[in-house]
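Residue-level listing of the chains:
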Amino acid sequence: MLGDTAVVVHPNDERYKDLHSKYVQHPFLQRRLPILTDTMVDPAFDSGAVKVTPAHDPNDLEYGRRLNLQFITCINNDGLMSSECEPYSGKPRFDVRHQLLNDLKERGLYRDSKENEMILLICSRSKDIIEPLLKSQWYVNCKDMAKRSIGAVQDKELKILPISFELVWYKCSDDIPVGNETDDHYWISAHTYEEALDKAAQRFNIAKDKIRLTQDEDVLDTWFSSSLLPFSSFGWPMETDDFKKFFFQQQLTGRLPFTEVYLHAIIRNADECKMSQTLGNVINPLDFIHDISLEKLQEGFKSSKEDYPDGQYVNLNKFCAEPSRDFCNDLFLTGTETPCDLWILSRLSYAIEQCESGFKKYQFSQITTAIYNFWLPELNDIYIEYVKKDFYADKPNLEQQNRQNTIKLILYTCLNNGLRLTAPIMPYLSEELYQRLPKSNNGQNSPPSLCITPYPQSSEFNQYHNKTIEKDVATITDAIDKINSHYSTPGVPRHEPVTLYIKSSSSISTLFKEYFELIKSLTNIDNIQILNDEPTVDQKEYIHIATTSDYRLFFKLTDDLE
């Protein structure tokens, strides 16, 4: 109320037509408020007369600009009332709120109070109520820089990926906002106070002792500051090796720092809204580490729709983030070359090839899919389950020890290279796990961090890529899925060893026998029998499990179950 500078009504509101351009007296201050009109006022809402506080309310700010109102700041930076508030000056804002209510009642001006739903801004750190205040803002004039960057794209020196975003780049770069609440003439930029004083004295042609300079407390935004870091840290203007490798702008060097810019998709929530701290709809990773409930998550923001990503936007909610959290937890699992040993190395080779080609083509979904599939279904769900039996012996004999050493070497290769693949996607998690990974030769000649570890190259692993073995294991794992899906069939023992009966060609029968240990590890099959003839209708003890073009699978009921 102490910052009010006008009362606004709708121009067609018959109740107030005779009051247009007249004034009302402020109840506590020596201030007259003009009665003005604006079509944005809703005459049906309450009295239809809106008091306007342009310096302390974003909506009223627009009224103030349109109607050329006076902007009066009534709350200082310290939360105390300003000198414009006369008898209330210097008092805490919340104390004055209560005092104003009492003063209205004492003067006979109080009419009523009503509940009114509104948005109240709360500071995420201090939890204090945020008061909108007018602040002078300065901006770096980026017009010339933007022209140079746009020119680099138009001349094909700089490539924007995906190519469809080139128009977005031009629009964003050519529409730099400028401050309209300050006079640029009174702003000085300089490296030191003394330099700023010299420039001010020259600009205004007055003595230095008559100039009072105040350094602005605002800073450059995060991205702009980041681009300056190599200049302040790597010896510029000297052309050091680090500076030449990490410099991050064109303006001060005259050359492009890179030739390609990838504009990634915007992360949106399930309701298609951009996720940001301002909107209050971001997902806190700590919530998922501690397994937050849906109810608690909804206390921060409401979200109930399913996700429908459309390519340029990625919709994210708890239910698509949670499997990724579970996947990260599963990375802590650890586990004589058999076909399965060769298979996991082949799958590692494939994952490396997919990541390598994905980075070259900027196909990040291809990269993450390859990493996820290698870690979870292939290494964790299949291979580690397969090798567990080799570590059961308390006192392994020499043959068992050799087998264990082989498995350890394969697992180390998979874990080491798998973490290196994951590092660009999940740097903190992969680094934490890498530090826990045993180092060969007691760490001698081993990189101390993933940050300086070479990324796996497909050329190093092509020798392990074996399409024949991958096809064979795919046939077996498909059969395993079919077997496990039939344990709920009536009459089939769920937790007891079962014999698997197969009717197939000799080559497929041989394949099932060759991978019997894998089948045994992932099912409760303890024996495989090859059928020479198809079971007849009268042989009711056989339960049909699955049929493909290569085989037919059966269980056989025991006497007790029959």
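Before reading on, note that the structure itself is shown above.
Residues numbered from 1 in each chain as written. Predicted model: local features only at pLDDT ≥ 70, side-chain atom pairs only at ≥ 80, totals over all residues. Heavy atoms only, no water.

**Comments concerning the overall build of the chain**
Right, so step 1: The helix and strand inventory of the chain stands at 18 helices and twelve strands.
Right, so step 2: Evaluated residue by residue, the chain yields a buried proportion of 34% over its 562 residues.
Right, so step 3: Summed over its atoms, the accessible surface of the chain is roughly 36300 Å², and 52% of this surface lies on carbon and sulfur atoms. (Helix = DSSP H or I, 4+ residues; strand = E, 2+ residues; numbered from the N terminus. Buried < 20%, exposed > 50% of the residue type's maximum accessible area, 1.4 Å probe, protein only. Areas by Shrake-Rupley, 256 points an atom, 1.4 Å probe, with all protein chains shown as cover.)

**Let's talk about the sheet that holds strand E3 (residues 32-37)**
Right, so step 1: Read from one edge to the other, the open sheet built from four strands follows the order E2-E3-E1-E4, with strand pairing classed as mixed. With partners counted over all chains shown, the strands left at the sheet margins are strand E2 (23-25) and strand E4 (49-52), one partner each. For this sheet, the mean inter-axis angle between neighbouring strands, taken without regard to orientation, is 30 degrees.
Right, so step 2: Of the pairings in the sheet, the one linking strand E1 (residues 6-9) to E4 comprises four bridges and is antiparallel in character. When the sheet's bridge partners are listed, Ala 6 is paired in E4 with Val 52.
Right, so step 3: Helix-sheet contacts for helix H1 (residues 58-67) involve E1, E3 and E4, and the interaxial angle to E4 is about 90 degrees. (Pairing = 2+ DSSP bridges. Axes fitted to C-alpha atoms, helices over the stretch in contact; angles between N-to-C directions. Contact = heavy atoms within 4.5 Å.)

**Concerning the side chain of Thr 453**
Right, so step 1: Looking at the element boundaries, Thr 453 is found in the loop between helix H14 (427-436) and helix H15 (458-461).
Right, so step 2: Under the relative-accessibility criterion, Thr 453 is labelled buried at 15%.
Right, so step 3: Reaching out from Thr 453, the side chain makes a polar contact with the backbone oxygen of Ser 449 at a distance of 2.7 Å.
Right, so step 4: Residues within four places of Thr 453 in sequence aside, it is in contact with Arg 420, Tyr 434 and Pro 447. (Polar contact = N/O pair within 3.5 Å; in protein donor to acceptor, adjacent residues only side chain to side chain.)

**Quick word on the pairing of E1**
Right, so step 1: Burial along E1 is two-sided: Ala 6 and Val 8 facing one way and Val 7 and Val 9 facing the other are all buried.
Right, so step 2: In terms of strand pairing, E1 meets E3 through three bridges, oriented parallel. Residue pairing across strands places Val 9 opposite Thr 37, the latter belonging to E3.

**Quick notes on the side chain of Gln 354**
Right, so step 1: If you trace the backbone, Gln 354 turns up in helix H11 (residues 339-361).
Right, so step 2: Given a relative accessible area of 17%, Gln 354 falls into the buried group.
Right, so step 3: Within the structure, Gln 354 has its side chain in polar contact with the side chain of Glu 353 (distance 2.9 Å).

**Focus on the nonpolar core**
Right, so step 1: Grouped together as the largest cluster of nonpolar side chains are 59 residues, with contacts concentrated most on Leu 379, Tyr 383, Phe 512, Ile 525 and Leu 553.
Right, so step 2: Looking at which element gives the most residues to this core, the answer is helix H12 (residues 364-387), with eleven residues.
Right, so step 3: Domain assignment of the residues forming this core places at least three in each of domain 2 (318-465) and domain 3 (474-556).
Right, so step 4: Listed in part, the eleven residues of the second largest apolar core include Phe 28, Met 81, Tyr 88 and Val 96. (Core = buried A, V, L, I, M, F, W, Y, C linked by side-chain atoms within 4.5 Å. Domains from an automatic or database assignment.)

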